[in-house]
Amino acid sequence: MVCLAGLVSSILSALLLVAVENLLDAFKGLMLGVAGLWLPALAFSLLQALVLGGEVMNFKRGLNNFSALLSLAFLAFVLGYVVHSISVKFSAKELALIGTSLAASLNALVHRYITGRSIAITGAISALWPLLTLVVTSAMLDIKIVELDFAKYIFVFFITLSPAIAISKSIDMLSQRLVGMSSKRIFRAYARNWFMGIREELESFFNSIGVDSTVSCDMLFLLGPGGGVKGIVVVPQVHPGPLRNVGSSSLPSDIALGLEPSLSAKVITFHGFVTHASDITSSEDYRNLLEEVKKVALRQPGLVVQGPSSPLVRVEVGGLSVGCQLIKGVPIVFVSGDKKGINDVREGVRANVERTVKEVHGVKPLLINAHNSYEEDPNIDFEELERGILRAVDMAFKSSSHGLVRVGVGVSKSADLGEVQGIGASGIRALVVEVQGSKYCYVVVDANNASKEFRVAVRSAVRAMGYEDCELFTTDNHAVVHLKGVKSSRGYYVLGERAKVEALLNALKAAISEAEETLSEVDVALKEVTVKARVLGDSAYKNIEVLVYKAVKKFRDLGLAGYGLAVTSSLLLCGLI
């Protein structure tokens, strides 16, 4: 579609050139658009790939690139035709020069960030595009080469290139100030990871701005009557991220699928109270964490926790739903979206809640972010949330008793539900807990958030199956982010957006059915895994957010003003000189 838009834009631009020359010849306009504008752009794209290297900007991406730029250049042709019709007179070749110089300037900017070359190099190479177009269109309009004003060509190109220089220098200064590195190196590393799966440069950047830390992972072992492990609930206090292929981005599925072949037991991974500040940036440190988790899982679980169990209780906190259920004395606490959406929960909340629960009840809680109701930047009062969590834990202990507890774990993976639909490798999992004859269901999907409507649909469908209560959870898996073919502006699909709700409900019902079949009395053992790791850190995370926001703003503001002024100045220059 982008290529077709570029070809159509070329033809429409050529018809405007023909109109400027007062030639009412549609066939000539068609030929000029294809042979005079589009083919020179194609030839230039091939030459540019040869000179700059086409490992990232291959033929297909190059085709899409110049086609998109030709579509933008069409705006300059329209503006030029309007100005020409009103008062300022200039030739078709001059309008062709201005339009393609605009496209070439934007091309220089794009390739500066994709290849990591200087704007001087990408600008010099991009200058060949309007030159080639000028020569071909002039020949087709019966203008001799000796009649071309090359001094004017150079002047016009430098006028249109100046916004690209200003934008790149401005963003570079911002990048150096915030993260200590040139923006072209960062964007080149990002492009190589996104397009080619080469992560080393991007990982090196994240490591350079990260901090050394200690990360942890909580593991609740579900033990059968004979003491064998029938399932493990894992809550990593590590964030999946920072980006696909880099660091701990695929953490939820790597833990589940890495443990199950060795254990003959089902594993459910939840999302903890963490932000991107807790992204592991080093692939070596990430492997160490996975290996340590596996070692602990394969050892004897250790001391069994003895304590009461409770129904699932809930507290409403500022539009969020906080739930808590005791399983043999271990509080399973989660924060879910409800009227308000939910994204990440700060690490400070975890530290405060863990400390208070240990002081009051003598046990460490499992703190889970359900991450199940997408909303852009939900405004959460974290102090109020802490108080609500502690209230829910107190309610659970007050309603608890020593009685029979049965737990089952089920897994489902549908061929129709994959990464493109927003679902990671570990698929859909269900944890069923039966306390005092009432059953509760925790549905976990290896995805990055869900729509509020989908959460409501899941809870309604499961409760209709006879469950006292149910909650939907996603793992915040970042392996489903920035995939090719994803059209969403955020870079991924939340549950209920791309995947068919009916297919998702069928898959989760299959997981619940398996969990029902494995229901049995359990004991539990709780362990914590800790390792040293390089993480992104709060300061670097915030600086990257600021860099992205301000870079986009600078590009928009400087681009609109700079290119608007450059095109207008070029039109006046050609019309008056």
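All figures in this text were calculated on a predicted structure; none of them were measured in a lab.

J.: Just checking my understanding: could you explain the pairing of strand E8 (residues 405-412) for this structure?
T.: Within a regular strand, the side chains alternate between the two sheet faces. Of all 8 residues in E8, 6 are buried, a share of seventy percent or more. Relative to strand E9 (residues 423-435), E8 runs antiparallel, the two being bridged by 8 bridges. The residue of E9 that forms the bridge with Val409 is Leu431. Where E8 meets strand E12 (residues 520-521), 2 bridges bridge the pair, whose relative direction is antiparallel. Looking across to E12, one finds that Arg406 is bridged to Glu521.

J.: Please clarify how helix H5 (residues 119-126) should be interpreted in this entry.
T.: It helps to recall that an α-helix has 3.6 residues per turn; residues three or four apart then point in one direction. For H5, the set of buried residues is Ile119, Thr122, Gly123, Ile125 and Ser126. What you see down the axis of H5 is that its buried residues fit within an arc of 165 degrees, all on one side. In H5, the exposed residues that point more than 90 degrees away from the buried face are Ala120 and Ala124.

J.: What should I look at first to understand unusual backbone geometry in this one?
T.: As a rule of thumb, non-glycine residues mostly have phi less than zero, and peptide bonds are mostly trans rather than cis. Between Gly241 and Pro242 the backbone carries a cis peptide bond, its omega angle lying at 5 degrees. Mapping Pro242 onto the fold places it in the loop between strand E2 (229-236) and helix H10 (251-263). With a phi close to 50 degrees, His371 is a non-glycine residue in the positive phi region. Relative to the elements of secondary structure, His371 occurs in the loop between strand E7 (366-369) and helix H13 (382-398). Looking at His371, the relative accessible area reads 1%, which means it is buried.

J.: What is the right way to look at the side chain of Ser400 in this model?
T.: Relative to the helices and strands, Ser400 resides in the loop between H13 and E8. Separated by 2.7 Å, the side chain of Ser400 and the backbone oxygen of Phe397 make a polar contact. If we ignore the near neighbours within four places in the chain, the residues touching Ser400 are Pro308, Ser309, Ser310 and Leu326.

J.: Which parts of the structure should I look at to understand the pairing of E9?
T.: Of all 13 residues in E9, 12 are buried, a share of seventy percent or more. With 9 bridges joining them, E9 and strand E10 (residues 438-447) adopt antiparallel strand pairing. Counted as the bridge partner of Ile423 is Ala447 from E10. Hairpin connection, E9 to E10: the antiparallel pair is bridged by 2 residues, and Gln436 has positive phi, about 55 degrees.

J.: Can you help me understand the pattern of salt bridges in this one?
T.: Any two side chains of opposite charge can pair, given that their charged atoms come close. Within the structure shown, the criterion is met by 22 salt bridges. Residues Glu471 and Arg314 are paired through a salt bridge, measuring 2.9 Å at the closest nitrogen-oxygen approach. One end of the pair, Glu471, is in strand E11 (residues 469-474); the other, Arg314, is in strand E4 (residues 313-317), with 157 residues separating them in the sequence. Relative accessible area serves as the criterion here: at 23%, Arg314 is assigned to the partly exposed category. Among the ionic pairs, Glu434 bridges to Arg406, the shortest N-O distance being 2.7 Å. One end of the pair, Glu434, is in strand E9; the other, Arg406, is in strand E8, and 28 residues separate them in sequence. Looking at Arg406, the relative accessible area reads 29%, which means it is partly exposed. Put simply, Arg314, Asp338, Arg455, Arg459, Asp469 and Glu471 are held in one network by salt bridges that share partners.

About the cut-offs
Residues numbered from 1 in each chain as written. Predicted model: local features only at pLDDT ≥ 70, side-chain atom pairs only at ≥ 80, totals over all residues. Heavy atoms only, no water. Buried < 20%, exposed > 50% of the residue type's maximum accessible area, 1.4 Å probe, protein only. Helix = DSSP H or I, 4+ residues; strand = E, 2+ residues; numbered from the N terminus. Pairing = 2+ DSSP bridges. Arc of directions from axis to C-beta. Polar contact = N/O pair within 3.5 Å; in protein donor to acceptor, adjacent residues only side chain to side chain. Contact = heavy atoms within 4.5 Å. Salt bridge = Lys/Arg side-chain N within 4 Å of Asp/Glu carboxyl O.

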